Amino acid sequence: DLFDEELDEEEKTKEEAIRKCFSDIASNVAGPGVNVLIGEVASKCGSDKEGTRKEGCWMMQTIVEERKDLADFYEQIPIILRELLYRLNDESKKVLVATNSALAALSKHVPAEELVNHVEFIRNLLASMVSDARRRKGGVGDGEFLLPGFNMPKGLEPLIPIYQRGILYG
């Protein structure tokens, strides 16, 4: 991670080169390849490894940012949302920060009128995550459950424009 002081200069240089390479891939992949790229990145978001999940979220953000003008990933928004929303229940602060950043990019670069089409999907996914968290072994049962991704500064901010648009325009 670029923000870890533990990484030495060589590691930082390597990571910057890898990120630059992925940015170039994300911006230059041909139309149908976007679906394949998002599918591959989505498979990394659920990894057992913290670093892979964090980088998967970063890659989702990069795809959205690099392809915002082409808007050719809109049919893949449910996949992007699913992977990012599942990360809101991650135990890693690094993953939560990367998730929040990726969701913020989605809210910023995709028009609210497009994202509002996914409000019910978002609501159902969040309800399912909370329900699973309550029932799993060691879960909170009927007690209070705070989704870690929403329980951080500005955690809800990326979803506000979507819900706001839904409320204002039905």
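Figured I'd write up the structure that's included with this text. (Residues numbered from 1 in each chain as written. Predicted model: local features only at pLDDT ≥ 70, side-chain atom pairs only at ≥ 80, totals over all residues. Heavy atoms only, no water.)

A tally of regular secondary structure across the chain gives 8 helices and 0 strands. Counting helices and strands in the order they occur from the N terminus, the chain gives α-α-α-α-α-α-α-α. Its C-alpha atoms give the chain principal-axis dimensions of about 50 × 40 × 25 Å. A separation of at least 24 residues holds for 69% of the contacts in the chain among residues at least 6 apart in sequence. Counting every atom, the chain has about 9,700 Å² of accessible surface; 53% of that belongs to carbon and sulfur. A distance of 4 Å separates the average location of the 22 positive side-chain charges in the chain from that of its 30 negative side-chain charges. (Helix = DSSP H or I, 4+ residues; strand = E, 2+ residues; numbered from the N terminus. Contact = heavy atoms within 4.5 Å. Areas by Shrake-Rupley, 256 points an atom, 1.4 Å probe, with all protein chains shown as cover. Lys, Arg positive; Asp, Glu negative; His and termini not counted. Charge placed at Lys NZ, Arg CZ, Asp CG, Glu CD.)

In this structure the tally under the stated criterion is 13 salt bridges. Between D90 and R53 there is a salt bridge whose closest N-O contact spans 2.6 Å. Highlighted residues: D90 in the loop between α4 (77–87) and α5 (93–109) and R53 in helix α3 (residues 50–66), separated in sequence by 37 residues. The class for D90 is buried, based on a relative accessible area of 7%. (Salt bridge = Lys/Arg side-chain N within 4 Å of Asp/Glu carboxyl O. Buried < 20%, exposed > 50% of the residue type's maximum accessible area, 1.4 Å probe, protein only.)

If you trace the backbone, R19 turns up in helix α1 (residues 9–28). Relative accessible area serves as the criterion here: at 13%, R19 is assigned to the buried category.

Quick look at the packing of α3 against α4 now. The interhelical angle for the contact between α3 and α4, taken along N-to-C directions, is 140°, at an axis separation of 11 Å. Between α3 and α4, the interaxial angle falls into the category oblique. Considering how the two elements wind past one another, α3 and α4 form a crossing that is left-handed. Residues R53, C57, M60 and V64 of α3 pack against I80, E83, L84 and R87 of α4. (Axes fitted to C-alpha atoms, helices over the stretch in contact; angles between N-to-C directions. Parallel < 35°, antiparallel > 145°, perpendicular 65-115°, else oblique. Left-handed = near helix turned anticlockwise from the far one by under 90°.)

All chains considered together, the criterion is met by 0 disulfides. Summary of cysteine pairing: C21 is not part of a disulfide, and the nearest cysteine sulfur, belonging to C45, is at 18 Å. For C21, a relative accessible area of 43% corresponds to the partly exposed category. (Disulfide = S-S within 2.5 Å.)

Turning to the nonpolar core, a few remarks are in order. Counting residues in hydrophobic clusters, the biggest one holds 36 residues, and the most contacted among them are M60, F73, I80, L85, L106 and L126. Residue assignment for this core shows that the elements contributing at least two residues are α1, α2 (33–45), α3, α4, α5 and α7 (119–135). Discounting residues that sit within four places of it in the chain, I80 has contacts with I38, M60, V64, F73 and L106. (Core = buried A, V, L, I, M, F, W, Y, C linked by side-chain atoms within 4.5 Å.)

The next thing to look at is unusual backbone geometry. A positive phi angle, close to 50°, is found at A71, a residue other than glycine. Mapped onto the elements, A71 comes out in the loop between α3 and α4. Of note, the phi angle at K154 is positive, near 60°, even though the residue is not glycine. Under the relative-accessibility criterion, K154 is labelled exposed at 59%.

End to end, α2 covers 19 Å across 13 residues, agreeing with the expected 18 Å (1.5 Å per residue, within 8%). The inward-facing, buried residues of α2 contact α1, α3 and α4. (Expected span 1.5 Å × (residues − 1).)

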